[in-house]
Amino acid sequence: MANARKRPPLIFDVRSAAEFAVSHIEGATLYAGDIESMVLIRRIRSHVDHGPIVFYCTAMERSQTLADRILHDLASAGLSQPYVLAGGLIAWANAGLPLVANQDQPAWSIPTIAKRPNA
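Undergrad: What's the story with the overall build of the protein in this structure? I'm lost.
TA: When helices and strands are counted, the protein shows four helices and six strands. Within the protein, the fraction of its 119 residues that count as buried is 32%. Excluding contacts between residues fewer than 6 apart, the proportion of contacts in the protein whose partners are at least 24 apart in sequence is 64%. For the protein, the exposed area adds up to about 7900 Å²; of that, 57% sits on carbon and sulfur atoms.

In structure tokens form, the structure reads like this:
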């Protein structure tokens, strides 16, 4: 069997435009949380060859809220369930993973936070 080509995730940053301008994950698209679910679905469908849908914000609250809000609409449109980046951008940065930073903005430091115990 031939190796299937791994499709890249479709990553949406659900923070504000100002937060996105300071730093974001490479390849992420800014998603204004006030747009309708159907607008997001059209945007997702415009990326024909995408892998998993991933939402992230600073600490996971906004991205989880969005995922919960549009889950039914995505399923009704035949799209896969979205993933939420665990721990958000704080966990990403604390893990030493790369961020795209705007050179015109002051450096952005993300404080280390204590991990929540597993429930």
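Undergrad: Could you clarify how one ought to interpret the packing of aromatic side chains in this entry?
TA: Given two aromatic rings, their pairing is described by the distance between the two centres and the angle made by the two planes. All chains considered together, the criterion is met by two aromatic pairs. Relative to tyrosine 31, the ring of phenylalanine 12 has its centre 6.3 Å away and its plane inclined at 75°; by these criteria the two rings are edge-to-face. With phenylalanine 12 in strand E1 (residues 10-13) and tyrosine 31 in the loop between strand E3 (29-30) and helix H2 (37-46), this pair connects stretches of sequence that are 19 residues apart. For the pair formed by phenylalanine 12 and tyrosine 31, the shared burial category is buried. Residue classification places phenylalanine 12 among the buried positions, given a relative accessible area of 0%. Cluster of aromatic residues (ring-pair linked, three or more members): Phe12, Tyr31 and Phe55.

Undergrad: Help me understand the nonpolar core in this model?
TA: Side chains of nonpolar character tend, in soluble globular proteins, to be buried together. Core analysis: the biggest nonpolar cluster contains 16 residues, and Phe12, Leu40, Ile44 and Phe55 have the highest contact counts within it. Contributing elements (two or more residues each) for this core: E1, H2, strand E4 (53-56) and helix H3 (61-76). The leading source of residues in this core is H3, at four residues. Look past the residues within four positions of isoleucine 44 in its chain and what remains in contact with it is Leu10, Phe12, His50, Ile53, Leu74 and Leu79.

Undergrad: Would you take a moment to explain unusual backbone geometry for this structure?
TA: Peptide bonds are trans in most cases, and residues, glycine excluded, mostly fall at negative phi. In the Ramachandran plot, methionine 60 falls in the positive-phi region, its phi being about 105° despite a non-glycine side chain. Residue placement: methionine 60 occurs in the loop between E4 and H3.

Undergrad: How do you make sense of the confidence of the model for the protein when you look at a structure like this?
TA: Interpretation of the predicted coordinates at a detailed level should be avoided for regions scoring low in pLDDT. A residue-level look at the protein finds 79% of positions with pLDDT of 70 or above and a mean pLDDT of 79. Mean pLDDT values over the elements of the protein span from 83, in H2, up to 93, in strand E5 (residues 83-84). Predicted confidence is poor over residues 106-119, with pLDDT under 50, and the contacts of this stretch with residues over four places away or in other chains come to 15 contacts.

Undergrad: Which parts of the structure should I look at to understand the sheet that holds E5?
TA: Hydrogen bonds along the backbone pair up the strands of a sheet, which may run parallel or antiparallel. Spatial ordering of the open sheet is given by E3-E1-E4-E5, a layout of four strands whose pairing is parallel. Lying at the two open borders of the sheet, with one neighbouring strand each, are E3 and E5. Where E1 and E3 come together, two bridges link them in parallel fashion. When the sheet's bridge partners are listed, phenylalanine 12 is paired in E3 with threonine 29. Relative to E1, H2 is tilted by about 145°, and along the sheet it contacts E1, E3 and E4. Against the sheet, H3 contacts E4 and E5, and its axis sits at roughly 135° relative to E4.

Reading guide: rules and limits
Residues numbered from 1 in each chain as written. Predicted model: local features only at pLDDT ≥ 70, side-chain atom pairs only at ≥ 80, totals over all residues. Heavy atoms only, no water. Helix = DSSP H or I, 4+ residues; strand = E, 2+ residues; numbered from the N terminus. Buried < 20%, exposed > 50% of the residue type's maximum accessible area, 1.4 Å probe, protein only. Contact = heavy atoms within 4.5 Å. Areas by Shrake-Rupley, 256 points an atom, 1.4 Å probe, with all protein chains shown as cover. Phe/Tyr/Trp six-rings, centres within 6.5 Å; stacked < 30°, edge-to-face > 60°. Core = buried A, V, L, I, M, F, W, Y, C linked by side-chain atoms within 4.5 Å. pLDDT = per-residue confidence, 0-100. Pairing = 2+ DSSP bridges. Axes fitted to C-alpha atoms, helices over the stretch in contact; angles between N-to-C directions.

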